[in-house]
Amino acid sequence: IDRDTTGKLLERSVFRALFGRDCRHMSAAQFESLESILEKHIPPEELKEVRRRLFGKELKKLEFPSDAIEAAKERDFELQGYVLEAALEQLRKPFIVRVGLVQNKIVHPTDAPVIDQITALHRRIGEIVEVASMCGVNIVCFQEAWTMPFAFCTREKAPWTEFAESAEEGHTTRFCQELAKKYNMVVVSPILERDDIHGGTLWNTAVVVSNSGNVLGKSRKNHIPRVGDFNESTYYMEGNTGHRVFQTQYGRIAVNICYGRHHPLNWFMYSMNGAEIIFNPSATVGELSEPMWPIEARNAAIANHCFTCAINRVGTEHFKNEFTSGDGKKAHSDFGYFYGSSYVAAPDGSCTPGLSRTQDGLLVAELDLNLNRQISDKWSFKMTGRYDMYAELLHKAVQPDFKPDIVKES
Ligand SMILES: NC(=O)NCCC(=O)O
């Protein structure tokens, strides 16, 4: 990288994104994406090798109809598309599916009336999903808690709990059912759920709507963060829906919500239940997790012989009342910078470039699900996994009288 033209700050930004080292003052937007910096500053021949090492095999770009490209431009969001191919087989036809990952900023300020905030987000998502349909998307997934600001940092109950809705009958689910029917698309809609059948309890839930328009079911967030300003445990408990997988016309899908991506066993259990594509709708900020982001969902795709789709929101959300982070530092009124960078990873370790760190975007990836079994046959992780050995040890490790097996010099 040319230090003279890019300067120290840019150099530090790249270094941090690649290697996770500290980079003072690098909290906000500042650069578009890691990929765009590499492209700009590395000579083409070396770039090919750098990309192979960092991102796996080179992916073909998807061609989109010109009206889709125009509409994305007019509606001010980034549109990218890639093909993640598999080898042709003799006995099975390719199983081709197009997934759409949507990342976006909130539309209205966080102190606007609740209904206006929700309605504006419905409108925004509606215009992005229309373009997804023009691009042939079969399954679309939105970011975590997409109908609201990520207000859990505040620890205030009002007005944020008012954003909660029934997973089965709420107006957001109705809205997604309309989209699903209209565009013949499976819709994965992560919301703040209110479960009135069980005392009006709140949950962090992904609703899966079939392309028929019926609600196929819901999957609740299994692991609730206890880190930084992610004070979600104030609002809801760990999910009780296990690791269910949804059979759709476009393959078996599962939803591992945000912080669940740090838990390899969580990905693993969705895969054990047969997931071919695992979505990871998220809301996470640069200071906390950006160096981990490109690794975790990608590693899960490799380890579990499946596709993974990591989605993060964009922008900085400001709140009326300041809150503290329990770290002795001054109170503040924003959560930090949500850095987008949504991407798709394949079981062979390849992955798409991330969407922008700063803009709303739609990432379309065409997947051949046959790749899962091809890579499983090649690497055999499911066959060599020794699960019975781990099941036995895990069973022992969770008992109160567990003694770690440590050998010491006498
Ligand atoms: N939304 C959420 O679970 N965020 C936690 C932080 C992270 O996992 O990066």
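Residues numbered from 1 in each chain as written. Predicted model: local features only at pLDDT ≥ 70, side-chain atom pairs only at ≥ 80, totals over all residues. Heavy atoms only, no water.

1. As for the UniProt feature "domain: CN hydrolase" (unreviewed entry) in the chain
Phase 1: UniProt's feature table lists "domain: CN hydrolase" (unreviewed entry) at residues 97-369, given in the numbering used throughout.
Phase 2: Helix makes up 22% of residues 97-369 and strand makes up 31%, while its end C-alpha atoms are separated by 7 Å. (UniProt positions renumbered as here; feature names shortened; annotations may be inferred. Helix = DSSP H or I, 4+ residues; strand = E, 2+ residues; numbered from the N terminus.)

2. Observations regarding the sheet that holds strand E1 (residues 60-61)
Phase 1: The strand order across the open sheet formed by eight strands is E1-E2-E15-E3-E4-E5-E6-E7, and the pairing between neighbours is mixed. Looking at the sheet topology across the chains shown, the edges are occupied by E1 and strand E7 (215-220). (Pairing = 2+ DSSP bridges.)

3. Quick word on the site of the ligand
Phase 1: Not every one of the 14 residues close to the ligand is listed here, only the nearest: Glu144, Lys221, Arg261, His262 and Thr284.
Phase 2: At 3.4 Å from an oxygen atom of the ligand is found a main-chain nitrogen or oxygen belonging to Tyr259.
Phase 3: For the ligand, an oxygen atom lies 2.6 Å from a polar atom in the side chain of Thr284.
Phase 4: Compared with its free state, where it exposes 280 Å², the ligand has 99% of that area covered by protein.
Phase 5: Residues belonging to the shell around the ligand are distributed by class as follows: seven nonpolar, three polar and four charged. (Near = heavy atom within 4 Å. Polar contact = N/O pair within 3.5 Å; in protein donor to acceptor, adjacent residues only side chain to side chain. Areas by Shrake-Rupley, 256 points an atom, 1.4 Å probe, with all protein chains shown as cover. Nonpolar A, V, L, I, M, F, W, Y, C, P; charged D, E, K, R; others polar.)

4. Considering the pattern of salt bridges
As a working rule, side chains carrying opposite charge can pair if their charged atoms are close by.
Phase 1: Summed over the entire model, instances satisfying the criterion amount to 23 salt bridges.
Phase 2: Its salt-bridge partner being Lys218, residue Glu193 comes within 2.7 Å of it at the nearest N-O pair. One end of the pair, Glu193, is in strand E5 (residues 186-195); the other, Lys218, is in strand E7, and 25 residues separate them in sequence.
Phase 3: Its relative accessible area of 14% is what places Lys218 among the buried residues.
Phase 4: Each of Glu168, Glu193, Asp195, Lys218 and Arg220 takes part in salt bridges that share partners, so that together they form one network. (Salt bridge = Lys/Arg side-chain N within 4 Å of Asp/Glu carboxyl O. Buried < 20%, exposed > 50% of the residue type's maximum accessible area, 1.4 Å probe, protein only.)

5. Quick word on the nonpolar core
Phase 1: Counting 34 residues, the largest nonpolar core has Phe142 and Leu362 as its most contacted members.
Phase 2: Breaking this core down by element, the ones donating at least two residues are helix H4 (66-74), strand E2 (78-84), helix H5 (114-134), helix H6 (171-183), E5, strand E6 (201-209) and strand E15 (361-368).
Phase 3: Among the elements that make up this core, the one with the highest residue count is H5 (six residues).
Phase 4: Excluding residues within four positions of it along the chain, Leu362 makes contact with Phe77, Glu78, Leu79, Gln80, Gly100, Leu101, Val102, Ile128, Val131, Ala132 and Leu355.
Phase 5: In terms of nonpolar packing, the next biggest core, distinct from the first, is built from 32 residues, Tyr82, Val97, Phe246 and Leu367 among them. (Core = buried A, V, L, I, M, F, W, Y, C linked by side-chain atoms within 4.5 Å. Contact = heavy atoms within 4.5 Å.)

6. Let's talk about the layout of surface pockets
Phase 1: Space inside the largest pocket adds up to approximately 700 Å³.
Phase 2: Along its surface, the largest pocket is lined by 33 residues, and Glu39, Lys61, Gln80, Tyr82 and Pro353 are the ones closest to its centre.
Phase 3: Only helix H2 (34-41), helix H3 (44-55), H4 and E2 provide two or more residues apiece to the lining of the largest pocket.
Phase 4: Split into classes, the residues belonging to the lining of the largest pocket amount to 12 nonpolar, nine polar and 12 charged. (1 Å grid on protein atoms, 1.4 Å probe; cavity = no way out; pocket = protein on both sides within 12 Å on 5 of 7 lines; lining within 4 Å. Points joined across faces, edges and corners; volume = space filled by probe spheres on them.)

7. Section: the packing of aromatic side chains
Phase 1: By the definition in use, this model includes 17 aromatic pairs.
Phase 2: Ring plane angle 55° and centroid distance 5.0 Å describe the contact between Phe268 and Tyr387, whose orientation is recorded as tilted. Within this pair, whereas Phe268 is found in helix H7 (residues 264-272), its partner Tyr387 is found in helix H12 (residues 387-397), the two being separated by 119 residues in sequence.
Phase 3: Residue classification places Phe268 among the buried positions, given a relative accessible area of 17%.
Phase 4: Owing to a relative accessible area of 27%, Tyr387 belongs among the partly exposed residues under this scheme.
Phase 5: Look at Phe319 and Phe323: their rings are 6.5 Å apart centre to centre, the planes differ by 65°, and that puts the pair in the edge-to-face class.
Phase 6: A relative accessible area of 3% places Phe323 in the buried class.
Phase 7: Put simply, the rings of Phe150, Phe152, Phe230, Tyr235, Tyr236, Phe335 and Phe338 touch in pairs and so form one group of aromatic residues. (Phe/Tyr/Trp six-rings, centres within 6.5 Å; stacked < 30°, edge-to-face > 60°.)

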